[in-house]
Structures are given as C-alpha cells and as structure tokens.
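# A closer look at the structure
Listed here are the chains, written in short residue letters.
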Amino acid sequence: MSTPVWIFIVIIALILGLVGGFFGARKYMESYLQKNPPINEQMLRQMMLQMGQKPSEKKLNQMMTSMKANYGKKK
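Residues numbered from 1 in each chain as written. Predicted model: local features only at pLDDT ≥ 70, side-chain atom pairs only at ≥ 80, totals over all residues. Heavy atoms only, no water.

Core analysis: the largest hydrophobic core is formed by five residues, namely Ile39, Leu44, Met48, Leu60 and Met64. Within the residue set of this core, elements represented by two or more residues are α2 (41-50) and α3 (57-72). The residues touching Met64, leaving out its near neighbours within four places in the chain, are Ile39, Asn40, Glu41 and Leu44. (Core = buried A, V, L, I, M, F, W, Y, C linked by side-chain atoms within 4.5 Å. Buried < 20%, exposed > 50% of the residue type's maximum accessible area, 1.4 Å probe, protein only. Helix = DSSP H or I, 4+ residues; strand = E, 2+ residues; numbered from the N terminus. Contact = heavy atoms within 4.5 Å.)

This is the structure we're talking about:
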C-alpha cells in the first residue's frame, strides 16, 4: 500500500475513535449520574439550613423526587 492510503486509514480510524469515545463516555456518565446523583438528602438539608429555611421531611422528599425526575429526563 502507498503512503497516502495509510495516512487516509489512520485519519479515518482517529475520527471514528474520537466519535465512538465521545458517545461512549457520554453514555457512561449519564448512567453514572443517574445511579449516583451528586446531591443527597443530607446535603440538601444542609443547604436549606444555610439559606435560613427549616427543612421539613415533606419538603426534602419533594425536592429529592423532583431532582430524581430531572436526572431521568433525556434532552
């Protein structure tokens, strides 16, 4: 094979690898964040206390279900 053909093959492989890696990493991060949300009830309680609100269990549950629903949405 000639040199231009090898260069073409390398460039195509590089592009396919970048595209595949991007979508693979994106899918992995979406599933990771859905399984392990970055905020939990304890953190939410602390944030509400810092803002001067008294966190009730009902309010915490509402906010957590709202956040979980937003994590499950696809854009």
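To continue, consider the packing of aromatic side chains. Counted by the stated rule, this structure contains two aromatic pairs. Seen from their ring centres, Phe22 and Phe23 are 5.1 Å apart, and the 75 degrees between their planes marks the pair as edge-to-face. For Phe22, a relative accessible area of 51% gives the class exposed. Look at Tyr28 and Tyr32: their rings are 6.3 Å apart centre to centre, the planes differ by 25 degrees, and that puts the pair in the stacked class. Remark: Tyr32 and Tyr28 occur in helix α1 (residues 3-35); sequence separation between them is four residues, near one turn of the helix. We classify Tyr28 as exposed; its relative accessible area is 53%. (Phe/Tyr/Trp six-rings, centres within 6.5 Å; stacked < 30°, edge-to-face > 60°.)

Considering the arrangement of structural elements, one finds Arg26 in helix α1. Classification of Arg26 by relative accessible area gives partly exposed; the value is 44%. Distance from Arg26 to Lys54, taken between C-alpha atoms, is 37 Å for residues 28 residues apart in sequence.

Applying the stated criterion across every chain yields a total of two salt bridges. With a closest N to O distance of 3.7 Å, Glu30 and Arg26 form a salt bridge. Here Glu30 pairs with Arg26, and both are found in helix α1, just four residues apart, close to one helical turn. Residue class for Glu30 comes out partly exposed when judged on its relative accessible area of 33%. (Salt bridge = Lys/Arg side-chain N within 4 Å of Asp/Glu carboxyl O.)

Moving on to the confidence of the model for the chain. In this model, the chain carries a mean pLDDT of 87, and residues with pLDDT of at least 70 account for 93%. α1 holds the highest mean pLDDT among the elements of the chain, 94, whereas α3 holds the lowest, 82. (pLDDT = per-residue confidence, 0-100.)

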